[in-house]
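Each chain is listed here by its residues.
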Amino acid sequence: MSGCYCGNSLSFQDCCEPYIKGIKKAPTAEALMRSRYSAYATAAADYLIATTHLSTRKLYKKADILAWSKNNKWLKLEVLTSTETTVTFKAYFLDENLKAQVHYEHSTFKFENGNWFYVDGEYN
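What counts, and where the lines are drawn
Throughout, a residue's number is its position along its own chain's written sequence, starting from 1. Where local features are concerned, this predicted model is filtered to residues with pLDDT of at least 70; where side-chain atom pairs are given and counted, the filter is 80 or more; whole-chain, interface and lining totals use all residues. Side-chain calculation: all heavy atoms of the structure are included, whereas hydrogens and water are not. By definition here, a salt bridge exists when the distance from a side-chain nitrogen of Lys or Arg to a carboxyl oxygen of Asp or Glu is within 4 Å. Under the DSSP-based scheme used, a helix requires at least four consecutive residues in state H or I and a strand at least two consecutive residues in state E, with every element numbered from the N terminus. In this scheme, a residue with accessible area under 20% of its type's maximum is buried, one over 50% is exposed, and one in between is partly exposed, where area comes from a 1.4 Å probe on protein chains only. Residues enter a nonpolar core if they are buried and are Ala, Val, Leu, Ile, Met, Phe, Trp, Tyr or Cys, with the set joined through side-chain atoms within 4.5 Å. In what follows, a contact means two residues having at least one pair of non-hydrogen atoms within 4.5 Å. What counts as a disulfide here is a pair of cysteine sulfur atoms lying within 2.5 Å. In this scheme, strands are said to pair when DSSP sees at least two bridges between them. Inter-axis angles, ranging from 0 to 180 degrees, are taken between N-to-C directions of lines fitted to C-alpha atoms, where helices are fitted over the stretch in contact.

J.: It is not clear to me how the pattern of salt bridges should be interpreted in this structure. Could you clarify?
T.: Note that side chains of opposite charge can pair when their charged atoms are close. All told, the structure shown has four salt bridges when counted by the stated rule. The residue Lys62 makes a salt bridge to Asp46 at a minimum N-O spacing of 2.8 Å. Of this pair, Lys62 sits in helix α5 (residues 62-71) while Asp46 sits in helix α3 (residues 45-50); the two residues are 16 residues apart in sequence, bridging distant segments of the chain. Overall, the relative accessible area of 39% leaves Lys62 in the partly exposed class. Between Lys110 and Glu112 there is a salt bridge whose closest N-O contact spans 3.8 Å. Taking relative accessible area as the criterion, Lys110 reaches 39% and is therefore assigned partly exposed.

J.: Sorry if this is basic, but what is going on with unusual backbone geometry here?
T.: As a rule of thumb, non-glycine residues mostly have phi less than zero, and peptide bonds are mostly trans rather than cis. One non-glycine residue, Ala43, adopts positive backbone phi at about 55°. Along the chain, the position of Ala43 falls in the loop between α2 (29-41) and α3. Positive phi is not limited to glycine here, since Leu98 has a value of about 60°. One can find Leu98 in the loop between β2 (86-94) and β3 (100-112).

J.: Help me understand the nonpolar core in this model?
T.: Grouped together as the largest cluster of nonpolar side chains are 30 residues, with contacts concentrated most on Cys16, Ile20, Met33, Tyr47 and Phe109. Taken together, the elements giving at least two residues each to this core come down to α1 (17-20), α2, α3, β1 (73-82), β2 and β4 (115-123). The dominant element in this core, judged by the number of residues it contributes, is α2, at seven residues. With residues near it in sequence (within four places) discarded, Ile20 still touches Phe12, Ser35, Ser38, Ala39, Thr42, Ala44 and Tyr47.

J.: Would you take a moment to explain the state of the cysteines for this structure?
T.: Such a bond, covalent and formed between the sulfur atoms of two cysteines, is termed a disulfide. If you walk through the whole model with that rule in mind, you get zero disulfides. Cysteine Cys15 is unpaired, with the sulfur of Cys6 as its nearest cysteine sulfur at 3.7 Å. Take Cys15: its relative accessible area is 8%, and that puts it in the buried class. Here Cys16 is not cross-linked by a disulfide; its sulfur's nearest cysteine counterpart is in Cys4, at 3.7 Å.

J.: Mind showing me how you'd approach the sheet that holds β1 here?
T.: Picture the strands of a sheet paired through backbone hydrogen bonds; they go either parallel or antiparallel. The strand order across the open sheet built from four strands is β1-β2-β3-β4, with neighbouring strands paired in antiparallel fashion. A strand with exactly one partner marks an edge of an open sheet, and here the two such strands are β1 and β4. The sheet shows a mean angle of 30° between the axes of neighbouring strands, taken without regard to direction. For β1 and β2, the ladder comprises eight bridges, and the chain directions are antiparallel. Paired with Lys73 across the two strands is Leu94, which belongs to β2.

Next comes the structure, spelled out in C-alpha cells:
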C-alpha cells in the first residue's frame with residue numbers, strides 16, 4: 001500500500017500507527033480524525049474507544065466498533081474542511097455486501113488534559 005489509510009502520502013507506520021499504538025499524541029483534531037479512520041481500517045477498536053470523549057463514550061460499544069470496522073472495506077478518506085475543533089469528511093467504503101457507501105460527517109473534537117478527543121458528529 002502506498003501511503004497511509006488516512007490519505008496522507010506517509011506510510012501507515014510513519015503517519016497514524018504511532019498515534020494508534022500510543023507512541024505519539026495526535027497534535028490536532030484533524031490528525032486525530034485521520035488516525036481514527038486508520039483505526040477503523042485496521043480494526044483498532046481500543047484506540048477508537050480511548051479517543052472518544054468521556055461525555056459520549058458510553059454511546060459506543062467495542063463489539064459494535066469491531067463489527068463495523070471488520071464488515072466494511074475501507075477505501076478512502078477525503079477531508080473537506082477542518083478547523084481547530086471540527087472536521088468535515090467523507091469516508092468511502094464497501095459494505096458487507098460490497099456495495100459502495102459514503103459516510104459524510106461533520107465531527108466535533110475537544111482538547112482536554114493534553115489530548116484530542118472525538119465528541120460527536122452530524123451525519124448527512
